[in-house]
There are 2 protein chains.
Amino acid sequence: MSLITILGAGAMGSALATPLTDAGWETRLWGTWLDDHLLDACAAGNPHPRTNVALAEGTKVFRSGQLDEALDGADAVFLAVASVGIPKVTEMALAGISKASVLLCTSKGFCPDADGRIQLLPEAVRRIAAENGVPVPPIVAVGGPCKANEVADRKPTATIYGCLDHNTAVRMAREISTDVYRIEPTADEPGVEVCAPMKNVYAIALGIADGLEEGTGFAHHNLKSAIFAQAVREMSIVSTALGADPATAYGLAGVGDLEVTGLSGRNKVYGVRIGRGEGAKEALAAMEAAEQTVEGVPAAGLALTLVQQTGGDLLHRLPLLKAVTEILGGAEDAAGLVAGAALPLRSGTD
Amino acid sequence: MSLITILGAGAMGSALATPLTDAGWETRLWGTWLDDHLLDACAAGNPHPRTNVALAEGTKVFRSGQLDEALDGADAVFLAVASVGIPKVTEMALAGISKASVLLCTSKGFCPDADGRIQLLPEAVRRIAAENGVPVPPIVAVGGPCKANEVADRKPTATIYGCLDHNTAVRMAREISTDVYRIEPTADEPGVEVCAPMKNVYAIALGIADGLEEGTGFAHHNLKSAIFAQAVREMSIVSTALGADPATAYGLAGVGDLEVTGLSGRNKVYGVRIGRGEGAKEALAAMEAAEQTVEGVPAAGLALTLVQQTGGDLLHRLPLLKAVTEILGGAEDAAGLVAGAALPLRSGTD
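Notes on the structure follow. In this text the structure is predicted, and so the values were computed from the model without any measurement.

1. Digging into the side chain of B:Thr59
All names here are of chain B.
1) Next: On the secondary structure map, Thr59 appears in the loop between α2 (36–43) and β3 (60–62).
2) Next: Given a relative accessible area of 13%, Thr59 falls into the buried group.
3) Next: From its side chain, Thr59 meets the backbone oxygen of Ala56 in a polar contact 2.6 Å long.
4) Next: Those residues in contact with Thr59 that lie beyond four places of it in its chain are Ala17, Thr21, Thr27 and Leu29.

What follows is the structure, given as structure tokens:
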């Protein structure tokens, strides 16, 4: 039996213990200093507060002060902390990571380096390791439509594991798949990485269409579907510009993850508020006051920076990304902006 | 001002009068012998019973006995009858169609010829015309996420017009687009055609995931999203086998139309019943008793025939289509069948 250490005991980290233990891994779950109350609840015999599902039986829990112990002898490490925590946790865990044969990464996000240049998360991890003179094993980007509570509860789930070393992706798919948690391996690490934060941005736009329905009493399903198709197109354009396979955005990592994100979640809820007529800034303040982080908001600005740093005139092919950033910046007429971006041009007349 | 005749006064035919009159077309709406009660309601000053929206002002209405009058002098003809009515209405209208410069077609379906060979709708129209020794103008396949009531009510809508003669697609996009009804032109007629009936089949599968949630009290969003991604993949596989551009299924015609169909509609409602635990045949009988046609049911069988006639081993790449046809045929464990089809294989172990 191989040994895996999950770093981060929030919703996704704790949920991953289910398929991993089911697949026969000896599973350790390490919580950061922000996860103490979550692990306290589990220790008291309650379900995990973020998934409402009990930790998988056999999972060994480690508190923030026990990182070295948690990583000791790990064959694989699964990074599952919030994206803001990635740099710090990566640095803290470098010694253990460098001894593992693979680093899996379900955390996602755009990471600015010291010069403000945006890196995808695996690039950032490799940079941090290089700065510390430590080798990193192959990194597997984990994506696809994957709500943590359903994973924890053994509901059928399809994920995609992307590793530049395709054999490692195939091996991990074989060694972690269960009857209900299935894995498609791919060599397209950047494709899996870029879709994950971008879909949070586009979920805001899908939410705006839902909010229009709530606000006006009239369904805007045609608009929502046009937004969906345009979002997928834009994820594929950005992926391709970063050297990814355009097909990745059309599969589980793009289409699938956007669908699940549009069904629920905070980015969509935030969009609904805007679609109903609230100002973007006022709606964000209300959500932040309720400790509801909206990941798509910072991701929108970082995606724009990433697009600009790729050079060329990519942005004019991304009208929906542009519209969402304008709406987040306070532009009025959110409905008109998303419709203008998602509907085809009036050919030949504009 | 050009003159267009819409054949079929159901939901979509009557709805199209809105963008057409808005775009400056002199618009005639001809109802079949099945549309009398609908046009009676409009004549009495009521909204159209299928869209709940009044017919666009200026639309000239013709009853079933007035077909020649309706077609007299038409520059363009828009076929918008239910797919079962296509062969008969096409034959009846051939003289008028042959004099028009373009035939647009929002009707969709798989049409078996006399030998049981499946044709896409424009092929069937061309065959019928050839059998009658009459020329047909370029045919424009109209697709994309387009609920009729929203089109009639001027809600933002993105459509795709596919014509083998790309210039005709571009011209129609220019001449029919309005501020809220926008058109993407493409040369990919078969791509637009094949996605429309197939998405009805896959909407049943999406409904099954929703029905599982209703029946068990637990969301199956990961499964629904995996089904969505697999459906898009399969539409692209079938399109490509028929010579279409794989990108069409990834855009408005595939992704967009599947999204709108999964949001509501009878195919999805039928799937929900199955997902909740009703037998497929019993649920269909109940819907038919309520005069609720489920287009995806015949389309599933016809799609299977179409796939088989393309030869090769295409079907093993279409596990979701296969699963839906098995479920419709009475196979038990609908949940297991769609999950088995939409989740990746356990690589290396099966």
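2. Things to note about the pairing of strand β1 (residues 3–7) of chain B
Consecutive residues of a regular strand have side chains that alternate between opposite faces of the sheet.
All names here are of chain B.
1) Next: Extensive coverage of β1 is indicated by the burial of 5 of its 5 residues.
2) Next: Burial along β1 is two-sided: Leu3, Thr5 and Leu7 and Ile4 and Ile6, pointing in opposite directions, are all buried.
3) Next: When β1 meets strand β2 (residues 26–30), the two strands line up parallel, connected through 5 bridges. Looking at β2, one finds that Ile6 is bridged to Leu29.
4) Next: For the crossover from β1 across helix α1 (residues 11–22) to β2, the handedness is right-handed.

3. A word on the packing of helix α8 (residues 189–216) of chain A against helix α11 (residues 252–263) of chain A
All names here are of chain A.
1) Next: Orientation of α8 relative to α11, taken along the N-to-C sense of each, is 40 degrees, at an axis distance of 9 Å. Pair α8 / α11 crosses with right-handed handedness. On α11, the residues touching Val192, Cys195, Ala196, Lys199, Asn200, Tyr202, Ala203 and Leu206 of α8 are Ala253, Gly254, Asp257, Leu258, Thr261 and Gly262.
2) Next: Its residues assigned to classes, the contact of α8 with α11 comprises 8 nonpolar, 4 polar and 2 charged.

4. Details of the interface of chain A and chain B
1) Next: Counting from both sides, the interface comprises 53 residues of chain A and, opposite them, 53 residues of chain B.
2) Next: Across the chain A to chain B interface the summed buried area is about 4300 Å²; carbon plus sulfur atoms make up 60%.
3) Next: On the surface where chain A and chain B come into contact, there are 4 salt bridges.
4) Next: The residue B:Arg233 makes a salt bridge to A:Glu184 at a minimum N-O spacing of 3.0 Å.

5. Brief notes about unusual backbone geometry
Residues and elements named next belong to chain A.
1) Next: The residue Asn52 is not glycine, and still its phi comes out positive at about 65 degrees.
2) Next: Among the secondary structure elements, Asn52 is positioned in the loop between α2 (36–43) and β3 (60–62).
3) Next: The backbone of Glu291 sits at a positive phi, close to 55 degrees, despite the residue not being glycine.
4) Next: Locating Glu291 in the fold gives a position in the loop between α13 (280–289) and α14 (296–309).
5) Next: Accessibility expressed as a relative area gives 70% for Glu291, which makes it exposed.

6. Some details on the relation of the copies chain A and chain B
1) Next: When chain A is fitted onto chain B, the two copies agree to an RMSD of 0.0 Å after a turn of 180 degrees and an axial shift of 0.0 Å. Both chain copies can therefore be described as sitting about a two-fold axis. Residues of chain A ranked by C-alpha distance from the rotation axis are headed by A:Tyr250, positioned 3.2 Å from it.
2) Next: Both copies present the same face, since 100% of the interface residues in chain A are matched by interface residues at the equivalent positions in chain B.

7. Thoughts on the sheet that holds strand β9 (residues 157–162) of chain B
Paired through backbone hydrogen bonds, the strands of a sheet run either parallel or antiparallel to each other.
All names here are of chain B.
1) Next: If you walk across this open sheet you meet the 8 strands as β3-β2-β1-β4-β5-β8-β9-β10, and the pairing is mixed. On the outer flanks of this sheet lie β3 and β10 (181–186), each paired with one strand and no other. If you compare each strand with its neighbour and ignore which way they point, the axes differ by 25 degrees on average.
2) Next: Judged from the 3 bridges that link them, β2 and β3 form a sheet pairing that is parallel.

8. A look at the pairing of β9(B)
Residues and elements named next belong to chain B.
1) Next: Most of β9 is tucked away, with 6 of its 6 residues classed as buried.
2) Next: Neither face of β9 is exposed, since Thr157, Thr159 and Tyr161 on one face and Ala158, Ile160 and Gly162 on the opposite face are all buried.
3) Next: As judged from the 3 bridges shared by strand β8 (residues 139–143) and β9, these two strands associate in the antiparallel manner. Directly across from Gly143, in β9, lies its bridge partner Ile160.
4) Next: As judged from the 6 bridges shared by β9 and β10, these two strands associate in the parallel manner. Residue pairing across strands places Ile160 opposite Glu184, the latter belonging to β10.
5) Next: Following the chain from β9 across helix α7 (residues 166–176) to the adjacent parallel β10, one finds a crossover that is right-handed.

9. Comments concerning the environment of A:Gly243
All names here are of chain A.
1) Next: For Gly243, the location among the structural elements is in the loop between α9 (221–241) and α10 (246–249).
2) Next: Exposure remark for Gly243: the relative accessible area of 62% places this residue in the exposed category.
3) Next: For the pair Gly243 and Gly191, spaced 52 residues apart in sequence, the C-alpha to C-alpha distance is 8.0 Å.

Quick notes on the rules
Residues numbered from 1 in each chain as written. Chains lettered and ligands numbered in written order. Predicted model: local features only at pLDDT ≥ 70, side-chain atom pairs only at ≥ 80, totals over all residues. Heavy atoms only, no water. Helix = DSSP H or I, 4+ residues; strand = E, 2+ residues; numbered from the N terminus. Buried < 20%, exposed > 50% of the residue type's maximum accessible area, 1.4 Å probe, protein only. Polar contact = N/O pair within 3.5 Å; in protein donor to acceptor, adjacent residues only side chain to side chain. Contact = heavy atoms within 4.5 Å. Pairing = 2+ DSSP bridges. Right-handed = clockwise from strand over helix to strand, strands pointing away. Axes fitted to C-alpha atoms, helices over the stretch in contact; angles between N-to-C directions. Left-handed = near helix turned anticlockwise from the far one by under 90°. Nonpolar A, V, L, I, M, F, W, Y, C, P; charged D, E, K, R; others polar. Buried area = accessible area lost by both parts, 1.4 Å probe. Salt bridge = Lys/Arg side-chain N within 4 Å of Asp/Glu carboxyl O. Least-squares fit on C-alpha atoms with pLDDT ≥ 70 in both.

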